Amino acid sequence: MEVTLPGRPDWDRGPPSPRGAFPSRGLRHGDGRRDPVQDGVASPATSGTGKSKLETLPKEDLIKFAKKQMMLIQKAKARCAELEKEIEEFKTKPVAGGTGDIIKALTERLDALLLEKAESEQQCLYLKKENIKMKQEVEDSITKMEDVHKEFEQSQGNYVKEIENLKNELMAVHSKHSEDKASLQKELEEATKKQLELSEQLKFQGNCEDNVKKLQEIQNIKPVFEEQILYLQKQLSTATNEKEQEITHLQEVIEANSQRYQKDINSLQEELLQLKVAHQEEVKDLMCQIEASAKEREAEVSNLNQLKENLVRQCEASVKNIQEKYECELENLENAPDASHENQMCPMLLQEEAFVEQVVNEKIKHLENTLKELESQHSILKDEVTYMNNLKLKLELDAQHIKDEFFHEREDLEFKINELLLAKEEQSCVIEKLKSELEDSNKQFCCIVEQHNKEVQRLKEQHQKEISELTETFLSGSEKEKLTLMFEIQGLKEHCENLQQEKQEAILNYESLREIMEILQTELGESAGKISQEFESMKQQQASDVNELQQKLRTAFNEKDALLETVNRLQRENEKLSQQELVPELENTIKSLQEKNEVCLVSLSQRDTMLQELEAKISSLTEEKNDFISKIKTSHEEMDNLHKKCEREEKLIVELRGKVEQTSHCNSELEQKVNELRGELEETLKEKDQNNQKLEKLMVQLKTVSEDQEALSSEVKSLYEENNRLSSEKNQLNRDLEVLLSQKEDVMLKEHISELEKKLQVTITERDNLSTLFENEQVQKLFVKTQLYGFLKQMESKVSEEDEEQDVVNILQAVGESLAKINEEKHNLIFQYDERVAELEKKTKCLQEENAVQHEELQSLLRDHEQEKVLLRKELEETLSHKEALQSDLLEMKNANEKTRLENQNLLSQVEEASQNLHSKNKTQNEKEQSFVRELENLRLSQEQKEAELQDVRAELLLLKDSLEKSPVENDQPSLVKELEEKIGYLEKESKEKEEKINKIKLVAVKAKKELDSSKREAQTLREELESVRSEKDQLSTSMRDLIQGAESYKNLLLEYDKQSEQLDVEKERANNFEHHIEELTRQLRNSTFQCEKLNSDNEDLLARIETLQSNAKLLEVQILEVQKAKAVADKELEAEKLQKEQKIKEHASSVNELEELQLQLQKEKKQLQKTMQELELVRKDAQQTTLMNMEIADYERLMKELNQKLANKNSKIEDLEQEIKIQKQKQETLQEEMASLQSSVQQSEEKNTKIKQLLVKTKKELADSKQAETDHLILQASLKGELEASQQQVEVYKIQLADITSEKHKVHEQLKTSADQHQRTLSAYQQKVTALQEECHAAKAEQATIASEFENYKVRVHNVLKQQKNKSVSQTETEGAKQEREHLEMLIDQLKIKLQDTQNNLQINVSELQMLQSEHDTLLERHNKMLQETVSKEAELREKLCSIQSENMMLKSEHAQTVSQLTSQNEVLRSSFRDQVRHLQEEHRKTMETLQQQLSKVEAQLFQLKSEPTTRSPASSHQPLKNLRERRSTDLPLPDMYTITREEGEGMETTDTESVSSSGTHTQSLEQLLNSPETKLEPPLWHAEFTKEELVQKLSSTTKSADHLNVLLRETEATNAILMEQIKLLKSEIRRLERNQEREKSVANLEYLKNVLLQFIFLKPGSEKERLLPVIDTMLQLSPEEKGKLAAIAQGEEENASRSSGWASYLHSWSGLR
């Protein structure tokens, strides 16, 4: 787009001046942009006082003034010559035809206009129909939106149902798992009860040697199983590696695709730029066509002038014909002989004469009226043409601007629509992928379960065979295996709990993803509706603008502001929509669009009325219609071309949509990353003390901010006062305007009114800006008040409301100032934004990998659940198989109980020792940290001492130099004598040179005398010419006075312009102050971000400590569980012994009862014996009597013998029973002793248990406190995060507002300048018109008076003539001839007067044109001088800046080298100390492991010794656990692949290329040399002297030379500016690098943390954990984007196959334990 010179169009300026081409270069650059230097610099030429006399002016101004006058005189002469030529041509040309042709042409044009009117009405109807169609389309789009919302809700419901089903399945799985667990526990309890019942019947059996042999066989079988397990683990690891390789391959493919798409996007952007260039060229062609049409219009105007002159000539010719006829008749009358005939002809002639005079007068009046009408029409048409051309140019520019904005907005909206659609498609694809992956995982899981079941069955069969063989001899081994199994079950339970927690986290992540999906879909729907509505409204506006350009150009200018306001409203609504909730805003936008539609209908009705008004005005524009028709046709063709281009661009946009879809992928992934990053941020703030300290710092900052708030409030008050003052000034100005409008006669008052209107506009704009700023500040105040109120409630619940309000005010001001300052860091933020985009793209890849990892973890969870089921079933089967073996082992359990008690005591003592060791280690670590801190402080002190010593040494060196300089001065006195002799010779040479110069000057003086004589002669000739010119001077003096008055008014205007420029400078200073405030706030923000990073690092250290505490707590819990288990076993054994004791007591009671019964039987038998003895004595007495009795006695004796035998047997039984009773009593005593010992042991175990419980309670309390602190920190972090996000949003809003304000400011400045120029031109034009009109008025009045006097004289003459005709008939013939001659002379005088008036009018027009051109020429010269001065000053400033920057660069390089050397030395010291620490820790670890192994071997030996038949244990069995432990360690600690990590170059190694600014070798002459060159010898004469042709030619050549010289200077300055811009770019890159180095120095202060982070990054495998460390390394080391990309590639594992020669292993060659 071209920027033309301000002023009238080209066709009103007249002939161009010889300098016309020169000033345009100062205004225009190559690309058509305005020079920015013009706008900002006040004119220095206006500093002088505006005096009215020309004598007080300086010599240069007088020369300029004289040049202007000479140009005016020459132009006036040329114009007079042209006018004389035209008069002669008109005289020579024959009379043209009548006015009938003109009337026909006018009627034809009227018909054409009526036809165009009908066409325009038809177009209006067509537009109305299109508007109705657009409304219908809007309604259809709304219905479509509702359908989309319904579909979205349905899909949402389906997703919710699926999630609920998954949850139900998970709950069912958990319930099944718990049921299986409960059943297994019940079976275990039943088995233990059965074992206790069977233990009473079992007896001690078994041989130790067989047991030992079978144990050895088992140990031989174990390695086979372990090898199988290792083989399976290797297969698993290979499978995982293959999966990771596939993932990396996919990531590489994705990166390649993204690069390809980026290339396509770049090519498309280049094509777009080419199209824009073509569009600009077409616009230039259109402007050329418009200029051509304007020239054609000028030609038509000249034709009109010719027609006028032809009409004048026709009138003159008709008058001449009438006079000739009259003379011929008079001659005929004189030749007649008869007097009577003459007497008869006299009245006839008088009548004819009167009739002819009347006809002539009527014709003359008619012609004069027509001439005046034509002149008025011509002036009106001229004004309208200029106005219409200006309007047309403005409207074309506005139309192009609106089209560009429309296309940009449409592209942006289509881009957003495509992004949202792509996001939707991506999410649906992701869901489908997840479903397919779930199905595949389920299938794989089923296959793996089947294989696993087969392997388990096979192993079960083998295991059952071996168990059947080893049931009798598997007592100690089974106990050990049982303990290991219990530990494994506990570990599996913990693993299961962890997996469940991870599963819950995955479910939460899935829910968050679903919520994001819902939000995105809602945004998609809403934004699609908005975009469609906005697109349709923009279409309507474009169609209406095109039709208005065709039909009415004036109305479009008024509607432009309304269109811009609607665009601004739409943009604001878009910004508000992004911040607020979207659903209610959709309804509001629909309502606002409906209201806008109604407003558009109202405006259409108004336009209809305007059309009707325009139809009345069309009659006055009939002459210009043909030109406009041609222009409209060309515009139609241009519109068709533009439509074609639009279609092409739409096709390109359709092609771009497919390419933009991938960017929307990146956006969705970035959003996911943002959410995850937020989660990571929430994990950081966990320590309470540090946060409290930071809160105190923040409170201090808040106090400072409160002071800033008070300052801002004072500024707001001052702004209010200024606003009130401006309103009062406005009222006063309005009053002054009313007074000035009453005094219209004075031209100076009109100028004052225009200036006051400008001031009013400026004050109104300032007031509006202030009001908008105040409203924005109030909104911010409310927003920040709410946030700070919640923040203070969280942090300090006891703070009063007044304090809260004060804190709110303080923080408000800080936030406002910080948001205002960020405008300066725009370029830095853009650079950081690009870096963040790259980081986020990398993080998206990491997130994809993490999603895959989570999916695999879920699958592993399900597998682990099923494996647990299988293991529990195995355990059931094993317990059933072990039942029979355990029944035989129950007797040995008694002995094992005592051993376990001893072992428990030993274990408790070991636990206490381990806890003491841990405490001691912690103390040693703390002491080491303190020692490190002390060493660092000592190093710093030593550094300071060394620096002081260096300064002392430098001072001594300076003193030594001074002394060395003084010493040769004292010794070398002869050298001084030589120097004095040399000086004397030098002075003699200088005197000779001066004498030669004096001789030359004398020669020059002689020449000057000769030139003086010649100049005196020339002065005499000039005096003679002056006398001839004085006559012309008298005529021009009046015009010169007017010119002087115009110059004085122009100076006054320039003074006012200076005042306005000073006000602008004041406003710029205010803006600079605000920018300084913004810089301070940005520094505070940087400090706060740095503190946040420190907090993050401290929080990570705290997290590590908390993890160690949790691990210790877990170990304590495991030990407590073991103790509880041992206690449970002891309780069970106690119960069994109690049962045995009760049974023995019962047996003892039964045996006592049997003894009592036996004693009773003995007594009865004794009584029977006594009776039998008595009977025997009686029988003996009777035996003598009879022999029969003898036989009976024999029988009795037999009986007695049998009874005696029975008695003896019973006595033996009694003795046996008594022995058994004694044995039982002994057993009872032993059992009682055992009971007492068991009770004492139980009490001891209970005491120990209580102690452990107290420890547990303490640890739980500490854990709860830490968890509470974590929650508090998380809450604080969330609140701070919210505040950060809010502040960032506010920053973005303020950025947008600042950009809008700056753009508006530039526009207002440009409008002010253009309006000032236009006002000056219009003022000068109006002044000239007023003077011309006043002169015309005076002339008309004079003419009226003369005509009235002549008319009265004529009446008197007529009366006299009539009287004379009655009296003297003979004398009438003589008087009539005199009358005719007089009338003829009067006619000639009138004609000459008319010609004089025309020439005077032309002279005035030429003088006004000259004044305008000279004023423009002066302004352009002043601007050019300003440009030159500014370029010189800028060059000097830039050179000074270059020198200062180079010196700073050298200083920074030296400082950088020093810091690098210091850091290397510190790094080596720390490395050595760290190696010593690592070696020490390794030695301690080995010692502890050896001691533990020795204790284990002792315990195993004691176990075997306590058995009934001890045997010698083979040494292999003692060494195997050590081997197993070492093997486990080797598998658990994989060696880091050191060769895969490539070493990168240091940032300080890059070289800076310094470019020398080559000054142009070509010597250009100065202006004075060019002007004083031999071609221009004559001195400039005074302003009133007339120039000859030769002098004018010389002056023209001098001006052309000065123009060429200025062009050369401009080119040189442009070249130097380009070179300086390149140097500035290099310096900026160097400054950024140095800033990174400085920030790196700050972060390197915490070297231990950096060391830990680097070690973790080195040892971790490539994956998500390694990528999480990337941001920490970036913040600590301030990496460049290329370095970040390389590190990210290393973290993802892309460079695994890189060469092993150049890696981190070169740094760690002497590290113990890594090779």
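Residues numbered from 1 in each chain as written. Predicted model: local features only at pLDDT ≥ 70, side-chain atom pairs only at ≥ 80, totals over all residues. Heavy atoms only, no water.

## Comments concerning the overall build of the protein chain
Next up, step 1: Per the secondary structure count, the protein chain includes 24 helices and 0 strands.
Next up, step 2: Buried positions account for 26% of the 1715 residues belonging to the protein chain.
Next up, step 3: Within the protein chain, counting contacts between residues at least 6 apart in sequence, those at least 24 apart form 90% of the total.
Next up, step 4: About 117,000 Å² of surface is accessible on the protein chain, with carbon and sulfur atoms providing 55% of the total. (Helix = DSSP H or I, 4+ residues; strand = E, 2+ residues; numbered from the N terminus. Buried < 20%, exposed > 50% of the residue type's maximum accessible area, 1.4 Å probe, protein only. Contact = heavy atoms within 4.5 Å. Areas by Shrake-Rupley, 256 points an atom, 1.4 Å probe, with all protein chains shown as cover.)

## Description of a nonpolar patch on the surface
Next up, step 1: On the surface, Phe1351, Tyr1354, Val1358 and Leu1362 cluster together to form a nonpolar patch covering roughly 360 Å² of accessible area.
Next up, step 2: Within the element layout of this structure, Tyr1354 appears in helix 16 (residues 1188-1367).
Next up, step 3: Overall, Tyr1354 belongs to the partly exposed group, its relative accessible area being 38%. (Patch = residues over 30% accessible without salt bridge, like charges linked within 9 Å, V, L, I, M, F, W, Y side chains within 5 Å. Salt bridge = Lys/Arg side-chain N within 4 Å of Asp/Glu carboxyl O.)

## Points about the packing of aromatic side chains
Next up, step 1: Within this structure, the stated rule accounts for 2 aromatic pairs.
Next up, step 2: Judged by centre distance (5.8 Å) and plane angle (50 degrees), the rings of Phe406 and Phe407 are tilted.
Next up, step 3: A residue is classified by how much of its surface remains accessible, and Phe406, at 4% relative accessible area, is buried.
Next up, step 4: Against the face of Phe831 rests Arg1632, its NZ or CZ located 5.3 Å from the ring centre. (Phe/Tyr/Trp six-rings, centres within 6.5 Å; stacked < 30°, edge-to-face > 60°. Lys NZ or Arg CZ within 6 Å of the ring centre and 35° of its normal.)

## Describing the packing of helix 10 (residues 625-682) against helix 16
Next up, step 1: Look at helix 10 against helix 16: their axes get within 9 Å of each other, and the N-to-C directions meet at 135 degrees. Between helix 10 and helix 16, the crossing angle belongs to the class labelled oblique. Counting all contacts with helix 10, which are made through Leu677, Arg678, Gly679, Glu680, Leu681 and Glu682, the residues of helix 16 involved are Leu1274, Gln1277, Lys1281 and Glu1285.
Next up, step 2: Class assignment of the residues belonging to the contact of helix 10 with helix 16 gives a composition of 3 nonpolar, 2 polar and 5 charged. (Axes fitted to C-alpha atoms, helices over the stretch in contact; angles between N-to-C directions. Parallel < 35°, antiparallel > 145°, perpendicular 65-115°, else oblique. Nonpolar A, V, L, I, M, F, W, Y, C, P; charged D, E, K, R; others polar.)

## Comments concerning helix 23 (residues 1670-1677)
Next up, step 1: Inspection of helix 23 places Leu1670, Val1672, Ile1673, Asp1674 and Met1676 among the buried residues, and these make up the whole buried set.
Next up, step 2: Remark: Gln1678 follows helix 23 within two positions and exhibits a positive phi of approximately 50 degrees.

## Let's talk about unusual backbone geometry
Next up, step 1: For Gln1678, which is not glycine, the phi dihedral falls at a positive 50 degrees.
Next up, step 2: Tracing the sequence through the fold places Gln1678 in the loop between helix 23 and helix 24 (1681-1692).

## Some thoughts on the environment of Leu524
Next up, step 1: Structurally, Leu524 is set in helix 7 (residues 475-551).
Next up, step 2: With relative accessibility at 10%, the residue Leu524 sits in the buried group.
Next up, step 3: In this structure the C-alpha to C-alpha distance between Leu524 and Lys416, which are 108 residues apart in sequence, comes to 8.7 Å.
Next up, step 4: When residues no more than four places from it in sequence are discounted, the contact partners of Leu524 are Leu420, Leu421 and Lys424.

## Examining the pattern of salt bridges
Next up, step 1: One pass over the structure, following the stated rule, counts 22 salt bridges.
Next up, step 2: Between Asp1317 and Arg1423 there is a salt bridge, with its nearest N and O atoms 3.9 Å apart. Here Asp1317 is found in helix 16, whereas its partner Arg1423 is found in helix 17 (residues 1371-1506), with 106 residues between them in sequence.
Next up, step 3: For Arg1423, a relative accessible area of 21% puts it in the partly exposed group.
Next up, step 4: A salt bridge links Lys1684 to Asp1674, with the nearest nitrogen and oxygen atoms 3.1 Å apart. One end of the pair, Lys1684, is in helix 24; the other, Asp1674, is in helix 23, with 10 residues separating them in the sequence. Note on accessibility: Lys1684 and Asp1674 belong to one class, buried.

## Looking at the nonpolar core
Next up, step 1: If you look at the biggest cluster of nonpolar residues, it comprises 14 residues, and the most contacted ones within it are Val1653, Phe1657, Leu1670, Ile1673 and Leu1687.
Next up, step 2: Taken together, the elements giving at least two residues each to this core come down to helix 21 (1647-1659), helix 23 and helix 24. (Core = buried A, V, L, I, M, F, W, Y, C linked by side-chain atoms within 4.5 Å.)

## Describing the environment of Asn597
Next up, step 1: Following the sequence through the fold, Asn597 ends up in helix 9 (residues 582-617).
Next up, step 2: For the pair Asn597 and Lys135, spaced 462 residues apart in the sequence, the C-alpha separation amounts to 8.8 Å.
Next up, step 3: Residues within four places of Asn597 in sequence aside, it is in contact with Asn131 and Lys135.

## Quick look at a negative patch on the surface
Next up, step 1: On the surface, Glu244, Glu502, Glu505, Glu676, Glu680, Glu682, Glu683, Glu856 and Glu857 cluster together into a patch of negative charge.
Next up, step 2: Elements with a minimum of two residues in the negative patch: helix 7, helix 10 and helix 14 (826-971).
Next up, step 3: Relative to the helices and strands, Glu683 is located in the loop between helix 10 and helix 11 (688-742).
Next up, step 4: On the basis of relative accessibility, which here comes to 47%, the residue Glu683 falls in the partly exposed class. (Lys, Arg positive; Asp, Glu negative; His and termini not counted. Charge placed at Lys NZ, Arg CZ, Asp CG, Glu CD.)

## Comments concerning the confidence of the model for the protein chain
In low-pLDDT segments, the atomic positions of the prediction should not be examined closely.
Next up, step 1: Overall, the predicted model of the protein chain reaches an average pLDDT of 78, with 82% of residues at or above 70.
Next up, step 2: Between residues 1-52, whose pLDDT stays under 50, and residues either more than four places distant or in other chains, the model counts 95 contacts.
Next up, step 3: Counting interchain partners and residues more than four positions distant, the pLDDT-below-50 stretch residues 1695-1715 has 42 contacts. (pLDDT = per-residue confidence, 0-100.)

## Some words on the side chain of Lys1281
Next up, step 1: Topologically, Lys1281 is positioned in helix 16.
Next up, step 2: Its relative accessible area of 13% is what places Lys1281 among the buried residues.
Next up, step 3: Apart from the residues within four sequence positions on either side, Lys1281 is in contact with Leu677, Arg678, Gly679, Leu681 and Glu682.

## Brief notes about the environment of Ser915
Next up, step 1: Mapping Ser915 onto the fold places it in helix 14.
Next up, step 2: Among the residues examined, Ser915 registers a relative accessible area of 28% and is labelled partly exposed.
Next up, step 3: Along the primary structure Ser915 and Asn1112 are separated by 197 residues, whereas in three dimensions their C-alpha atoms are 9.2 Å apart.

## Structural notes on the packing of helix 23 against helix 24
Next up, step 1: Remark: helix 23 packs on helix 24, axes separated minimally by 11 Å, with the N-to-C direction vectors making an angle of 150 degrees. The angle between helix 23 and helix 24 falls in the class roughly antiparallel. In this structure, the crossing between helix 23 and helix 24 has a hand that is right-handed. Residues Leu1670, Ile1673 and Asp1674 of helix 23 pack against Lys1684, Leu1687, Ala1688 and Ala1691 of helix 24.
Next up, step 2: The residue inventory of the contact of helix 23 with helix 24, partitioned by class, reads 5 nonpolar, no polar and 2 charged. (Left-handed = near helix turned anticlockwise from the far one by under 90°.)

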